[in-house]
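# Coordinate inspection notes
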Amino acid sequence: MAYKFLVIGAGLSGTVLANRLAANLDCTIDIWDERNHIGGNCHTARDEKTGIMVHQYGPHIFNTDKKEIWDFVNSFMEFKPYVHRVKAMSNGKVYSLPVNLHTINQFFNKAFTPNEAKAFLAEQADNSITEPKNFEEQALKFIGKDLYKAFFYGYTKKQWGCEPTELPASILKRIPVRFNYDDNYHNNIYTGIPVDGYSALIEKFVESDKINILLKKKFSNEKELEGYDHVFYTGPIDAWFQFKYGRLGYRTVTFETIYEQGDKQGVTQMNYCDANTPHTRITEHKHFTYWEQHNSSILFKEFSKETTPDDIPYYPKRLQQDKELLMQYRKDAENLAGVSFLGRLATYRYMDMHHVIGEALNYAENFIKAINTGAKPPVFPNTEMS
Ligand code: UDP
């Protein structure tokens, strides 16, 4: 007998999972998404006015260290080599990011070698901090007060709406600090952009007679789930439980669209690090697809704000009170039968695309093993605090 599965959410985790289930099991899979497109926040579409491929929910650059994940995405679509080189505007001057030897030399007006820069920053660093307990301590320990104030303090306050002392050190650890001139924003070996955009790539994940996608379909109550052998939920975990313990904190972003002729900023992404500039960054989309020719240009000026019930959740804040709420929701989820929780929103974590894909591939394998052996499939792909 064929299994009947439901996946709620047509973002990366739901579609990668559906792809693996369809390939390995006798099943039919319905995928519901409340938006009018697939791809979740990775969604890309060509702008009608300019023909430029736009990252509708902000910049997404695929990067990973894992060959199997790189091979998986490349088996569906060609990826063009792309190295993300971000610039930072601080106090009226443009610098290289992430902080690298060029940034240090520009900022301090020096011509340090790698070893000289290391020694210099070691003097700047706050050595009284042994185990950094938060974002600010992490920064002060590794780059010192001056670089922290110039590039991180203002940006982070705007981005997260709180003092960096309230944020975990892990947010800063996302960004490398280098003592050479390498200005690749990411540390991973494999990095690129799918030639026809992320939505076209994700469409290929779900190209199967076994998979049926229903857009503009909002999941409203558990009664709708009758008849399915298993449900995979990739929406916000607190929404599944109708926010009964309260809402998990997220930041959301809004965009102001700007049209221009030619090349407006000369780079894909410019960060605005000063606290008194209201936006966090500007993305000029045509630079993602440098292999295409476009005379005009479209840019997104990005602003960050607190999420209201009507906003799209972007960045999980994971403050102490959020973690406590999450634990309550996870406990309730563990008691459900026939439902799994997967992806950024259902596990409430700040995840990059390669994390989401890796976890969905891994979860699919475990799920298939479990049902083939009659075991209970895992409810979550991760443990409580991982
Ligand atoms: N950040 C910063 N200044 C910058 C860029 C990043 O202070 O110019 C901090 C900020 O707190 C941000 C975090 O580093 O949330 C992670 O940055 P990343 O560029 O990885 O954020 P994303 O692209 O996921 O928004």
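Position numbers for residues start from 1 in each chain and track the written sequence from start to end. With pLDDT at 70 or above as the cut-off, local features in this predicted model cover only qualifying residues; side-chain atom pairs require 80 or more to be listed or tallied, and sums for whole chains, interfaces and linings still use all residues. The side-chain values count all of the structure's non-hydrogen atoms but skip hydrogen atoms and water molecules.

### Section: the environment of I202
Structurally, the position occupied by I202 is in helix α8 (residues 198-205). Exposure classes here rest on a 1.4 Å probe applied to the protein chains alone. A residue is buried below 20% of its type maximum, exposed above 50%, and partly exposed in between. I202 gets classed as buried once you look at its relative accessible area, which sits at 1%. Separated by 178 residues in the primary sequence, I202 and N24 place their C-alpha atoms 18 Å from one another. In this description, contact between two residues means that some pair of their heavy atoms is separated by no more than 4.5 Å. With sequence-adjacent residues up to four places away left out, I202 is seen in contact with A10, L12, T15, I38, G39 and C42. Elements are defined by DSSP. Helices are runs of H or I of four residues or more, strands are runs of E of two residues or more, and each kind is numbered from the N terminus.

### Considerations on the sheet that holds strand β6 (residues 79-81)
Two strands are counted as paired when DSSP detects at least two bridges linking them. Spatially, 3 strands are ordered β5-β9-β6 in an open sheet, and the strand pairing comes out antiparallel. On the outer flanks of this sheet lie β5 (62-64) and β6, each paired with one strand and no other. The average undirected angle you get between the axes of adjacent strands in this sheet is 40 degrees. Here, axes are lines fitted to C-alpha atoms. For helices the fit covers the stretch in contact, and angles between N-to-C directions go from 0 to 180 degrees.

### Remarks on the site of the ligand
Proximity is defined per residue: any heavy atom of the residue falling within 4 Å of a molecule or strand makes that residue near it. Among the 17 residues in the neighbourhood of the ligand, the closest are listed as T156, W160, Y185, Y315 and Y350. Polar contact is defined as a pair of N or O atoms within 3.5 Å, subject to the rule that within protein one atom must be able to donate a hydrogen and the other to accept it, and that residues adjacent in sequence are counted only when both atoms are side-chain atoms. At a separation of 2.9 Å, an oxygen atom of the ligand approaches a polar side-chain atom of R174. Here an oxygen atom of the ligand and a side-chain polar atom of Y350 are 2.6 Å apart. Bound to the protein, the ligand loses 93% of the 530 Å² it would expose on its own. Considering every element that reaches the shell around the ligand, the biggest residue donor is helix α6 (residues 144-160), with 6 residues. When the residues that make up the shell around the ligand are grouped by side-chain class, the tally is 12 nonpolar, 3 polar and 2 charged. Per-residue accessibility takes into account occlusion by the displayed protein chains alone, with areas from the Shrake-Rupley method and a 1.4 Å probe. Only Asp, Glu, Lys and Arg are considered charged in this grouping, and only Ala, Val, Leu, Ile, Met, Phe, Trp, Tyr, Cys and Pro are considered nonpolar; every other residue, Gly among them, is considered polar.

### Comments concerning the pattern of salt bridges
For this analysis, a salt bridge means a side-chain nitrogen from Lys or Arg found within 4 Å of a carboxyl oxygen belonging to Asp or Glu. Under the criterion given, the structure shown has 20 salt bridges. Between R46 and E292 there is a salt bridge, with its nearest N and O atoms 2.8 Å apart. Taken together, the positions of R46 in strand β3 (residues 44-46) and E292 in the loop between β14 (281-284) and β15 (296-306) put the pair 246 residues apart, joining distant regions of the chain. R174 is paired through a salt bridge with D352; the nearest N and O atoms lie 3.1 Å apart. Residue R174 is located in the loop between α7 (170-173) and β9 (190-194), and its partner D352 is located in the loop between α11 (344-347) and α12 (353-373); the two are separated by 178 residues in the primary sequence. A relative accessible area of 38% places R174 in the partly exposed class. Salt bridges sharing partners connect three or more residues here, namely R85, K87 and D183.

### Some points on the pairing of strand β12 (residues 250-261)
Bridging between β12 and strand β16 (residues 315-316) involves 2 bridges; their strand directions are antiparallel. Among the inter-strand pairings, Y250 is bridged to a residue of β16, identified as P316. The sheet contact formed by β12 and β15 spans 11 bridges and is antiparallel. Considered in β15, the bridge of T257 is made with F300.

### Digging into the state of the cysteines
Covalent bonding between the sulfur atoms of two cysteines defines a disulfide. In what follows, a disulfide is any cysteine sulfur pair within 2.5 Å. Taken as a whole, this structure holds 0 disulfides when the rule is applied. Cysteine C273 is unpaired, with the sulfur of C162 as its nearest cysteine sulfur at 17 Å. Of the residues examined, C273 reaches a relative accessible area of 2% and is grouped as buried.

### Quick notes on the packing of aromatic side chains
The criterion for an aromatic pair is that two Phe, Tyr or Trp rings (for Trp, the six-membered ring) have centres within 6.5 Å, with stacked assigned to planes under 30 degrees apart, edge-to-face to planes over 60 apart and tilted to the rest. The final tally for this structure, using the stated rule, is 37 aromatic pairs. For the pair F107 and F108, a centre-to-centre distance of 4.9 Å together with 85 degrees between the ring planes defines the contact as edge-to-face. By relative accessible area, F107 is classed as partly exposed at 25%. With a centroid separation of 5.7 Å and 70 degrees between ring planes, the pair formed by Y233 and F341 is classed as edge-to-face. Note that Y233 is positioned in strand β11 (residues 230-233) and F341 in strand β17 (residues 339-341), a separation of 108 residues in sequence. Residue class for Y233 comes out buried when judged on its relative accessible area of 5%. In this structure F341 comes out as buried when scored by relative accessible area, which is 0%. Grouped by ring-pair contacts, the aromatic residues F219, Y233, W240, F241, Y245, Y329, F341 and F380 constitute a single cluster. Sitting over the ring of F142, K141 keeps its end group 5.7 Å from the ring centre. Definition used: whenever NZ (Lys) or CZ (Arg) falls within 6 Å of the ring centre and also within 35 degrees of the ring normal, the charge is taken to sit over that ring. Over the ring of F243 we find R247; its NZ or CZ atom is 3.7 Å from the centre of that ring.

### Remarks on the environment of K286
Its place among the elements puts K286 in the loop between β14 and β15. K286 sits in the buried class, given a relative accessible area of 13%.

### As for the nonpolar core
Joining through side-chain atoms within 4.5 Å is the link that ties buried Ala, Val, Leu, Ile, Met, Phe, Trp, Tyr and Cys residues into a set, and such a set is a nonpolar core. Formed by 47 residues in total, the largest nonpolar core has its most connected members in F5, L21, I29, F62, F205 and I357. Residue assignment for this core shows that the elements contributing at least two residues are β1 (3-8), α1 (12-24), β2 (27-32), α2 (67-74), α8 and α12. Per element, the largest residue contribution to this core is 10 residues, and it comes from α12. Each residue touching F62, except ones within four places of it in the same chain, is listed here: I69, W70, V73, F79, Y190, T191, G192, Y198, M353, H354 and I357. In terms of nonpolar packing, the next biggest core, distinct from the first, is built from 35 residues, F151, F152, Y153 and Y315 among them.

### A word on the sheet that holds strand β8 (residues 93-96)
Spatial strand order, β8-β7-β13-β14-β15-β12-β16: 7 strands in an open sheet with mixed pairing. Each having just a single partner strand, β8 and β16 make up the two edges of the open sheet. With 3 bridges joining them, strand β7 (residues 87-90) and strand β13 (residues 269-272) adopt parallel strand pairing. Across the sheet, residue M89 finds its bridge partner in β13, namely Y272.

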